[in-house]
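Read off the chains here:
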Amino acid sequence: MLASLISKLVLSAKSPRVPVSTVSTMSTASAAISAAAPSLQPVFDKLFPKVDELQPQFIDVLKHAVEIPAVSGDETLRPQVVKKARYIASQLESLGFTDIQLKELGTQPPPVVDPTLQLPPVVLARYGSDPAKKTVLVYGHYDVQPASRDDGWDTEPFELVVDEQTQQLRGRGSTDDTGPLTGWLHVVRAHREAGIDLPVNLLTCFEGMEESGSLGLEQLIEREATGYFAGVDAVCISDNYWLGTRKPVLTYGLRGCNYYQVSVSGPKADLHSGVFGGIIAEPMVDLVQILAGLVDSQGRILIKGIDEMVAPVTEKERAIYEKIDFSRDELDEAAGSHTALYDRKEDILMHRWRYPSLSVHGVEGAFAGMGAKTVIPARVSGKFSIRTVPDMDSEKLTKLVVDHCNAAFAKLNSPNTVHTELIHDGAYWVSDPYNAQFSAATEATKVVYGVEPDLTREGGSIPITLAFEQLLKTSVLLLPMGRGDDGAHSVNEKLDISNFINGIKLMGAYLHFYAASPEN
Ligand SMILES: NCC(=O)N[C@@H](Cc1c[nH]cn1)C(=O)O
Ligand SMILES: [Zn+2]
Ligand SMILES: [Zn+2]
């Protein structure tokens, strides 16, 4: 019932950017996958204890990876991003992966301080090339969001802390996405050490720019679709989270993300506010007024024309939200506050998954330190992003945003200048959650966690997802490892040890069930 409901929803999506996958409801394929469970049990009886046994080694690899501050958004840290790529490549090599390549993507496009800055490499590797087996491409990203003690971390963000009391691994990238990325390596190691044949050929595509819009990756996929990626049957991404803290989920949708900066420029250099205050137009004063006109305190986007692009909610779609296991309390718990804009589960989920949102992230060039610096900043750039959903069109959206900022600035009658630009955009994605991959992952979840997973969409973005689906003509499965309260992008980011270890088992079991499927 739910299967056909979602299938119909997927089929009725009008967006030209959302692919209409081949929709299969409860099929012979999923029946065959369920039927494979008893014959796979002896494999899991060997594999899972090996994963448990290797826990200290798995944590050690994660520790070394987290120690490298691979912040893609900080140009000065680019050498560290490259160092982490090399670390991962060395791990792949020691596990017996072959054809390991660090694919260069050229220079980073503007806006960028150093126009010669090289994009970080994409780590490609393969494990097995048996034509009788299916080939699964696993994608992950080794770059991370910025983090510093000053933001409020209890411990050093780039030191992995194994918290014995909470049984959690704390550190930047633990859940997003270094933990899950290394999980794939651990799956291979556990198979090798347990003497189990990996049931599929595995390809890795690990990038270092995901947190900065996956620049350059789409072109690489296009180039390699008939090269390195030829013969890929399925793509699996572990780079999102359970909805809450208790129930595993499989994810069939993502919002997109259009990231903008609006810059206001005035004097040639920063000025003394005692000398120039009151007699010169201040860029920061103009900027805060522009930013204040983007969104209101109830989360309503104030840019005209956006609401009209959003696909309407149908009565059938409403039924989906009722069945999901989630509550406002869980949102409060994850946010660490009682500041939610909505009370009802349905409203919370719809505004996270299927409506756009606008967030104001920060201001480059403004005084942000401690103390009381009396400065008039000469040029300030406000950063904001809009999470996009079906049927929004990225180019049309950018025109609305730029026109809106220009009009808002014009009203200020300021002698300063304004410039609004798109920094990067990543497409939204909605898929069929009843294909062979999802069936395999459902069976794997039942084996590892003993429950049927909820089917969710994600409020965040993984910009390259749609490109994989379209360019490789495959289905994509999102198989999250961490929980909704992991604090990705926030302070004290963590991954529960149980999620790490069960997540590795889940990845392994999914590969076995998928291999047993008569369909791709
Ligand atoms: N785990 C996925 C994730 O965090 N994705 C980022 C992607 C992004 C887009 N623009 C900047 N980063 C997200 O913020 O959703
Ligand atoms: Zn991520
Ligand atoms: Zn992220």
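Residues numbered from 1 in each chain as written. Chains lettered and ligands numbered in written order. Predicted model: local features only at pLDDT ≥ 70, side-chain atom pairs only at ≥ 80, totals over all residues. Heavy atoms only, no water.

- Under an unreviewed UniProt entry, the name given to the chain is Metallodipeptidase, and the organism recorded is Maudiozyma humilis.

**What to know about the packing of aromatic side chains**
Alright, step 1. Evaluated as defined, the whole model comprises nine aromatic pairs.
Alright, step 2. With a centroid separation of 5.8 Å and 40° between ring planes, the pair formed by Tyr321 and Trp353 is classed as tilted. Of this pair, Tyr321 sits in helix 10 (residues 315-323) while Trp353 sits in helix 12 (residues 345-353), placing them 32 residues apart in sequence. Neither residue differs from the other here; Tyr321 and Trp353 are each classed as buried.
Alright, step 3. The ring of Tyr355 has Arg354 lying over it, and the distance from NZ or CZ to the ring centre is 5.1 Å. (Phe/Tyr/Trp six-rings, centres within 6.5 Å; stacked < 30°, edge-to-face > 60°. Helix = DSSP H or I, 4+ residues; strand = E, 2+ residues; numbered from the N terminus. Buried < 20%, exposed > 50% of the residue type's maximum accessible area, 1.4 Å probe, protein only. Lys NZ or Arg CZ within 6 Å of the ring centre and 35° of its normal.)

**Observations regarding the coordination of the zinc ion (ligand 2)**
Alright, step 1. Around the zinc ion (ligand 2), the protein contributes the donor atoms His141 (NE2), Asp176 (OD), Asp239 (OD) and Asp239 (OD), at 1.9 to 2.7 Å from the metal centre.
Alright, step 2. The sequence motif formed by the donor residues of the zinc ion (ligand 2) is H-x34-D-x62-D.
Alright, step 3. In this model, the zinc ion (ligand 2) sits 3.4 Å from the zinc ion (ligand 3), the two metals being bridged by Asp176. On the criterion of sequence distance, the pair formed by His141 in strand 3 (residues 135-141) and Asp239 in the loop between strand 7 (234-237) and strand 8 (249-254) is long-range, its members being 98 residues apart.
Alright, step 4. Taking the relative accessible area as the measure of exposure, His141 reaches 0% and is therefore buried.
Alright, step 5. On the basis of relative accessible area, Asp239 is assigned to the buried category, the value being 5%. (Donors = N, O, S within 2.8 Å, 3.2 Å for Na, K, Ca; no water.)

**Section: the nonpolar core**
Generally speaking, soluble globular proteins have nonpolar side chains that are buried together.
Alright, step 1. Judged by nonpolar contacts, the single largest core of 70 residues is most densely connected at Val136, Leu202, Leu479, Phe500, Tyr510, Leu511 and Phe513.
Alright, step 2. At eleven residues, the largest contribution of residues to this core is made by helix 16 (residues 497-516).
Alright, step 3. Setting aside residues no more than four positions away along its own chain, Tyr510 makes contact with Val136, Trp184, Cys236, Gln437, Ala440, Ala441, Ala444, Leu477 and Leu479. (Core = buried A, V, L, I, M, F, W, Y, C linked by side-chain atoms within 4.5 Å. Contact = heavy atoms within 4.5 Å.)

**Here's the deal with the site of ligand 1**
Alright, step 1. Lining the immediate environment of ligand 1, one finds Asp176, Glu210, Glu211, Asp239, Tyr241, Cys257, Arg387, His424, Gly460, Ser461 and His489.
Alright, step 2. One nitrogen or oxygen atom from the side chain of Tyr241 is found 3.2 Å from a nitrogen atom belonging to ligand 1.
Alright, step 3. Between ligand 1 and the protein, one listed contact pairs an oxygen atom with a side-chain N or O atom of His489 at 2.8 Å.
Alright, step 4. When the free accessible area of ligand 1 is taken as 370 Å², the share hidden by the protein chains comes to 93%.
Alright, step 5. Among the residues making up the shell around ligand 1, the classes are represented as two nonpolar, four polar and five charged. (Near = heavy atom within 4 Å. Polar contact = N/O pair within 3.5 Å; in protein donor to acceptor, adjacent residues only side chain to side chain. Areas by Shrake-Rupley, 256 points an atom, 1.4 Å probe, with all protein chains shown as cover. Nonpolar A, V, L, I, M, F, W, Y, C, P; charged D, E, K, R; others polar.)

**Details of the UniProt feature "binding site: Mn(2+) 2" (unreviewed entry) in the chain**
Alright, step 1. UniProt records the feature "binding site: Mn(2+) 2" (unreviewed entry) for His141, Asp176 and Asp239 in the present numbering. Across 99 residues of sequence, these annotated residues stay compact in space, with a maximum C-alpha separation of 8.2 Å.
Alright, step 2. Sequence-distant contacts of His141, defined by excluding residues within four places in its chain, comprise Asp176, Asp177, Thr178, Leu181, Glu207, Glu210, Glu211 and Asp239.
Alright, step 3. Once residues within four sequence positions are removed from consideration, Asp239 is found in contact with His141, Asp176, Asp177, Glu210 and Ile462.
Alright, step 4. Within polar-contact distance, the side chain of Asp239 engages the side chain of His141 at 3.2 Å. (UniProt positions renumbered as here; feature names shortened; annotations may be inferred.)

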